[in-house]
Amino acid sequence: MTEQSAMTPAAERVLEVVENLFYDKGIHAVGVDMIAAEAGVTKKTLYDRFGSKDVIVRLYLERRDARWREHVTAVVEQPGRFGPRRRVLLMFDALESWMAAENPRGCAFVNALAELPDPDHPARPAIGDEKQWVLDYLRQLVRDTGARNPRKLAASLFMLFEGAAVAASVDVVPGAVAGARDAARQLLDAAL
């Protein structure tokens, strides 16, 4: 099985192809025949490189998570004179720009969770890792503000953040992320 650090060109093509296929069509709707055909590789090559579709799903989620983290930290930690409170709110700016560019069908991790109900599926840890990272990053940012009860505040902000992502993806609340950012600002004001 190929891990991310030792990808062949064929393995890279497979992972580039599944990025769109899994997100656009769904994990279960995409079979190994479709992956192989779209990547221009044989099924034998696919299995030689990855061992199973489950491994491909895990690597897809891990790579998407890495891109997401890079995006968030680039927005939150951009050069400038942003204080700790503003950096918390920049998390919502990062979400809004990611949703516009990368997530028209909603959060890839929430979508994957819906498709992978088995808690022992090899890709499930990647889903939990992404959500845990968001919560941990919010905790770090909230601690930097000096807010009272930072763990509780970070948990509340996390729920706003995740709820905004879902609401924005189904477009039931126009401006869901901006509304969540305003609610986050109010929570921060009350805690400082």
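Counting from 1, residues in each chain are numbered in the order their sequence is written. Reporting in this predicted model follows two pLDDT cut-offs: at least 70 for local features of residues, and 80 or more for side-chain atom pairs to be given and counted; totals over whole chains, interfaces and linings ignore these cut-offs and use all residues. Side-chain metrics in this entry use all non-hydrogen atoms of the structure; hydrogen atoms and water are not considered.

### Remarks on the overall build of the protein
Elements are defined by DSSP. Helices are runs of H or I of four residues or more, strands are runs of E of two residues or more, and each kind is numbered from the N terminus. Scanning the protein for helices and strands turns up nine helices and zero strands. In the protein, the succession of α and β elements from N to C terminus is α-α-α-α-α-α-α-α-α. Over its C-alpha atoms, taken along the principal directions, the protein stretches across nearly 60 × 35 × 30 Å. The rule is simple: take the accessible area with a 1.4 Å probe, protein chains only, and divide by the maximum for that residue type; under 20% is buried, over 50% is exposed, in between is partly exposed. When each of the 192 residues of the protein is scored for burial, the buried share is 45%. Here the analysis covers contacts within the protein between residues at least 6 apart in sequence; of these, 69% occur between residues at least 24 apart. A total accessible area of about 9,500 Å² is found for the protein, and carbon and sulfur atoms account for 53% of it. Seen as two clouds, the 25 positive and the 27 negative side-chain charges of the protein have centres 4 Å apart. Residues are treated as being in contact if the distance between any of their heavy atoms lies within 4.5 Å. For the area figures, the Shrake-Rupley method with a 1.4 Å probe applies, and any residue is considered shielded solely by the protein chains shown. By the counting scheme adopted, Arg and Lys are positive, Glu and Asp are negative, and His together with the chain ends is not counted. Working definition for charges: the position is that of NZ of Lys, CZ of Arg, CG of Asp or CD of Glu.

### Considerations on the UniProt feature "domain: HTH tetR-type" (unreviewed entry) in the protein
UniProt positions are given in the numbering used here, feature names are shortened, and annotations may be inferred rather than shown by experiment. Mapped onto the present numbering, the UniProt feature "domain: HTH tetR-type" (unreviewed entry) falls at residues 8-68. From the first C-alpha to the last, residues 8-68 spans 23 Å; its make-up is 80% helix and 0% strand.

### Things to note about a nonpolar patch on the surface
Each patch is built from residues that are more than 30% exposed by relative accessible area and take part in no salt bridge. Like charges join if they lie within 9 Å; nonpolar side chains (Val, Leu, Ile, Met, Phe, Trp, Tyr) join within 5 Å. Salt bridge criterion: a side-chain nitrogen from Lys or Arg within 4 Å of a carboxyl oxygen from Asp or Glu. A cluster of nonpolar side chains, namely V170, V172 and V173, defines an oily patch on the protein surface of about 270 Å² accessible area. Looking at the secondary structure, you find V170 in helix α8 (residues 150-170). The exposure class assigned to V170 is exposed, which follows from its relative accessible area of 53%.

### Things to note about the UniProt feature "DNA-binding region" (unreviewed entry) in the protein
UniProt tags residues 31-50 as "DNA-binding region" (unreviewed entry). Split by type, residues 31-50 is 80% helix and 0% strand. Its first and last C-alpha atoms lie 14 Å apart.

### Considerations on the pattern of salt bridges
For the structure shown, the criterion picks out 18 salt bridges. Among the salt bridges present, the one from E96 reaches R181, with a minimum N-O distance of 2.7 Å. One end of the pair, E96, is in helix α5 (residues 84-102); the other, R181, is in helix α9 (residues 176-191), and 85 residues separate them in sequence. E96 gets classed as partly exposed once you look at its relative accessible area, which sits at 35%. Between E130 and K131 there is a salt bridge; the shortest N-O distance is 3.1 Å. Exposure remark for K131: the relative accessible area of 16% places this residue in the buried category.

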